[in-house]
Amino acid sequence: MSSFPIEYIEPVFRPPSEARSLILPLTNGCSWNNCTFCEMYTQPQKKFRARKDVDVLADILRASERFGGQVRKVFLADGDAMVLPTRRLLSVLSALREHLPGLERVTSYCLPRNLAKKSVEDMVALKAAGLDMLYVGMESGDDEVLQRVNKGETAESTASALQKMRAAGIKSSVMVLNGLGGKRLSEQHAINTAQLCNETQPDFLSTLVVSFPQGEARFREGFGGGFEPLDQPALFSEIETFIQHLELDNTVFRSDHASNYLVLKGTLGRDKDRLLREVRLAIEQPDVMPLRQEWQRGL
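The rules behind these values
- Residues numbered from 1 in each chain as written.
- Predicted model: local features only at pLDDT ≥ 70, side-chain atom pairs only at ≥ 80, totals over all residues.
- Heavy atoms only, no water.
- Helix = DSSP H or I, 4+ residues; strand = E, 2+ residues; numbered from the N terminus.
- Rg over C-alpha atoms; globule rule 2.2 N^0.38 Å.
- Buried < 20%, exposed > 50% of the residue type's maximum accessible area, 1.4 Å probe, protein only.
- Contact = heavy atoms within 4.5 Å.
- Areas by Shrake-Rupley, 256 points an atom, 1.4 Å probe, with all protein chains shown as cover.
- Phe/Tyr/Trp six-rings, centres within 6.5 Å; stacked < 30°, edge-to-face > 60°.
- Lys NZ or Arg CZ within 6 Å of the ring centre and 35° of its normal.
- Pairing = 2+ DSSP bridges.
- Axes fitted to C-alpha atoms, helices over the stretch in contact; angles between N-to-C directions.
- Arc of directions from axis to C-beta.

**Student:** For this particular structure, what's the right way to read the overall build of the chain?
**Tutor:** Looking only at helices and strands, one finds nine helices and ten strands in the chain. Compactness check: the chain gives a C-alpha radius of gyration of 20 Å against a globular reference of 19 Å for 299 residues, within 12% of the reference. With 299 residues in all, the chain has 51% of them scored as buried. Taking the contacts inside the chain whose residues are at least 6 apart along the sequence as the reference set, 81% of them involve residues at least 24 apart. Surface exposure of the chain reaches about 14,100 Å², of which carbon and sulfur atoms provide 50%.

**Student:** Can you walk me through the packing of aromatic side chains in this structure?
**Tutor:** Centre-to-centre distance and the angle between the planes together describe a pair of aromatic rings. Applying the stated criterion to the full structure yields nine aromatic pairs. On the numbers, 6.2 Å between centres and 70° between planes, the contact of F75 with Y135 is edge-to-face. Within this pair, whereas F75 is found in strand 4 (residues 73-77), its partner Y135 is found in strand 6 (residues 131-139), the two being separated by 60 residues in sequence. Each of the two residues, F75 as well as Y135, counts as buried. Every member of this aromatic cluster is reached through a ring pair, and the members are F4, Y8 and F67. Cation over ring: R113 sits above W32, and NZ or CZ is 4.2 Å from the ring centre.

**Student:** What's the story with unusual backbone geometry in this structure? I'm lost.
**Tutor:** The general pattern is negative phi for most residues beyond glycine and trans for most peptide bonds. With omega at 0°, the peptide bond leading from E10 into P11 counts as cis. With respect to the helices, strands and loops of the structure, P11 is situated in the segment before strand 1 (22-25). Cis geometry is adopted by the peptide bond preceding D78, which originates at A77 and carries an omega value of 0°. Looking at where D78 falls in the secondary structure, it is placed in the loop between strand 4 and helix 2 (86-99). Although it is not a glycine, N150 sits at a positive phi angle of roughly 55°. Here N150 is to be found in the loop between helix 4 (143-148) and helix 5 (155-168).

**Student:** Would you mind going over the sheet that holds strand 4 with me for this structure?
**Tutor:** Paired through their backbone hydrogen bonds, the strands of a sheet run either parallel or antiparallel. Taken in spatial order, the eight strands make up an open sheet running 1-4-5-6-7-8-9-10, and their pairing is mixed. Every other strand in the sheet has two partners, leaving strand 1 and strand 10 (264-268) as the edge strands with one partner each. Averaged over all pairs of adjacent strands, the angle between strand axes in this sheet comes to 20°, irrespective of strand direction. In this sheet, strand 7 (residues 171-178) lies alongside strand 6 in parallel orientation, the contact comprising six bridges. Bridge assignment links E139 to a residue of strand 7, and that residue is V176. With respect to the sheet, helix 6 (residues 186-200) is in contact with strand 6, strand 7 and strand 8 (204-209), its orientation differing from that of strand 6 by roughly 160°.

**Student:** Explain helix 3 (residues 120-129) here, please?
**Tutor:** Note that an α-helix has 3.6 residues per turn; residues three or four places apart therefore point the same way. Taken together, the buried positions of helix 3 are M123, L126 and A129. On an axial view of helix 3, the arc spanned by its buried residues comes to 120°, and they lie on one face. Opposite the buried face of helix 3, at more than 90 degrees from it, the exposed residues are E121 and A128. For helix 3, the secondary structure elements touched by its buried residues are helix 2, strand 6 and helix 5. Of the residues trailing helix 3, G130 is marked for its positive phi of about 125°.

Okay, here's the thing in structure tokens:
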């Protein structure tokens, strides 16, 4: 059997829901790559660069020859393919439609800053060309937390990006980091993040627990050495506060990443009361709820 048609620079990351997608790299690494909580693109070989159009097209042609109409979903990698000009993105989307006749969905990670120079008209054109959904790392809706973790975004910049997406009909999948502000900032992190979600009404919302496989030194610098991580009960209390303050109309909610101690699934606001009951039960009777064991969090 011939080799895979796309040669990747490892490691390659994608959302869990893109497990069956063809991953097409438009960039290598992340154009920002300064978030102190993120270790995804810190390796030397992942230094950011945009790939040449001719190389991307060659990948698409080889994928077409190898898989033909079997490809249903494509995920545009790496960390933020949306940093590319609209013109280049439209060219890629056009080539995907032409050469992958079975294609049904195209998605990508997206830093909110990447949409600052893109108009709603640009986003409408991208939607018409086949861009269906963007994964946005909100992380927090609290500006102090965002500043301390060097996110390079504000609640306002994230809201602007998500509103442009909604206006264009592009779905949003938003990620929030449980525990990102530590003990001192936990309440304002939870409340302000919920308020930003209420303002933007994402289509999908997920929570992950912040973790540091390579150590916390870089992250702690932003807190002046005063960062106190949340233990399991405190993480649950923060999630409870977050869900309490959510006022969502029809958002699919998931807290089922390997980093989460407590698995929560539902649609907000329909299932808000049930989700709150499950969180409170986990706080009051942790032996009753199906909590993940510590070893599972490394999966």
